[in-house]
Amino acid sequence: MSWPKRAREGKPTDRSRIRTHAGRVLAAAAVTAPVVMATPAAAAPPPPCLTSDLALSWAPGGTAVSGGRDPGTQQTAVVTLRNLERFSCMLDGFPKVTLAQGATTETLTDQRSATHTAVTLEPGTAARFTLTFLAAQSGDDGVIEPVTAIVTPPNNTASKNLRWRWGPVTEQESATRPGNFVGPVHN
């Protein structure tokens, strides 16, 4: 095989010029190109808890007693929401709570003065919220004697019922500053 005259004379051939030029371009790019480090992607928040994912129950810790007490005083009752699923879910905000006695209802307002943050429920764990209400005397005007507390968890439309056991409640739904309200979900 005979080498081209230029190669024998030590002069670069067209191929060697191209390779040399390509090498310089790659070397320059490596020196001047910014180094981009991949950052780990933020974990997506878990999905909202569905009503069907949760078990609701009365919890210890409130001031209310079974059957009611101290008409005219503000009482509290605590509700737990336990995650029944095998995956995490999130609750954020205020549940909707309506006390019902047949067709008569009392919807509790949100306690907007309370701050809240999202709560992630791992499988089997629970969050809580507090109901605050004005205890009443049975048979008085403007009183509801609830049988059921209808609870709709935050960001849901489906609800679950809890048997009301805390006695008569003064109706406050149309009050300017209602004394019946629900707090946000928290740990």
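A quick note: this is a predicted structure, and the numbers were derived from the prediction, not measured.

**A short note on the overall build of the protein**
- A tally of helices and strands in the protein yields two helices and 13 strands.
- Residues classed as buried in the protein amount to 33% of the 187 residues present.
- Intrachain contacts of the protein at a sequence separation of at least 6 include 77% that bridge at least 24 residues.
- If you sum the accessible surface of the protein, you get close to 11700 Å²; carbon and sulfur atoms cover 55% of it.

**Brief notes about the sheet that holds strand β6 (residues 109-110)**
- The strand order across the open sheet formed by five strands is β1-β2-β8-β13-β6, and the pairing between neighbours is mixed. Only two strands of the sheet have a single neighbouring strand rather than two, namely β1 (54-59) and β6.
- When β1 meets strand β2 (residues 74-83), the two strands line up antiparallel, connected through six bridges. When the sheet's bridge partners are listed, S57 is paired in β2 with T80.

**A few points about the nonpolar core**
- One finds W58, L91, V97, L121, F129, L131 and W164 to be the most contacted residues of the largest nonpolar core, which totals 28 residues.
- Going through the elements one at a time, β1, β2, β3 (89-91), β4 (96-101), β7 (119-121), β8 (126-134) and β10 (148-152) are the ones with two or more residues in this core.
- If near-sequence neighbours (up to four positions away) are discounted, F129 is found in contact with A77, V78, V79, L81, P95, V97, V151, V182, G183, P184, V185 and H186.

**Remarks on the pattern of salt bridges**
- This structure, assessed with the given rule, holds two salt bridges.
- Between D70 and R69 there is a salt bridge; the shortest N-O distance is 3.5 Å.
- Look at D70 and you get partly exposed, because its relative accessible area is 42%.
- Among the salt bridges present, the one from R112 reaches D110, with a minimum N-O distance of 2.7 Å.

The rules behind each value
Residues numbered from 1 in each chain as written. Predicted model: local features only at pLDDT ≥ 70, side-chain atom pairs only at ≥ 80, totals over all residues. Heavy atoms only, no water. Helix = DSSP H or I, 4+ residues; strand = E, 2+ residues; numbered from the N terminus. Buried < 20%, exposed > 50% of the residue type's maximum accessible area, 1.4 Å probe, protein only. Contact = heavy atoms within 4.5 Å. Areas by Shrake-Rupley, 256 points an atom, 1.4 Å probe, with all protein chains shown as cover. Pairing = 2+ DSSP bridges. Core = buried A, V, L, I, M, F, W, Y, C linked by side-chain atoms within 4.5 Å. Salt bridge = Lys/Arg side-chain N within 4 Å of Asp/Glu carboxyl O.

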